[in-house]
Amino acid sequence: MEQTVYNPQKGRLETINIDFSDKNTTWFDDHEKIEEIYTITDFKGGLIIGGLNHDYPIFVYDISRSDINDDISKALELKKMYLAT
């Protein structure tokens, strides 16, 4: 499926082709911060962090779900760190 993501390393939006599945995605269906973080998805050596809001998901290089132990708090920290720059 085609997905537009924000790439903070390049400072621009990009369109990627990605299939979300149980093999590459963790869903946070019942978390209080669901608007900010709904999914984290491994993609080409990086991580797509998406929420249930109108913001674009962000694509962070060189990190995976296993690197952050599928931890929503660590995903929130990453998102804030990359969007603050």
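These notes cover the structure that comes with them. (Residues numbered from 1 in each chain as written. Predicted model: local features only at pLDDT ≥ 70, side-chain atom pairs only at ≥ 80, totals over all residues. Heavy atoms only, no water.)

Under the counting rule described, the total for this entry stands at three salt bridges. Here glutamate 14 makes a salt bridge to lysine 10, at a shortest N to O gap of 3.0 Å. By relative accessible area, lysine 10 is classed as partly exposed at 46%. The salt bridge partner of aspartate 42 is arginine 65, with a shortest N-O separation of 2.9 Å. Of this pair, aspartate 42 sits in strand β4 (residues 39–43) while arginine 65 is found in the loop between β6 (58–61) and α1 (72–84), placing the two residues 23 residues apart along the sequence. One salt-bridge network, in which partners are shared between bridges, spans Lys10, Arg12 and Glu14. (Salt bridge = Lys/Arg side-chain N within 4 Å of Asp/Glu carboxyl O. Buried < 20%, exposed > 50% of the residue type's maximum accessible area, 1.4 Å probe, protein only. Helix = DSSP H or I, 4+ residues; strand = E, 2+ residues; numbered from the N terminus.)

With that settled, the discussion passes to the side chain of glutamate 14. By the secondary structure assignment, glutamate 14 is in strand β2 (residues 12–17). Judged by relative accessible area, which is 15%, glutamate 14 ranks as buried. Within the local environment of glutamate 14, its side chain forms a polar contact with the side chain of asparagine 7, the two groups lying 3.2 Å apart. (Polar contact = N/O pair within 3.5 Å; in protein donor to acceptor, adjacent residues only side chain to side chain.)

None of the figures reported here should be taken as evidence of function without further support.
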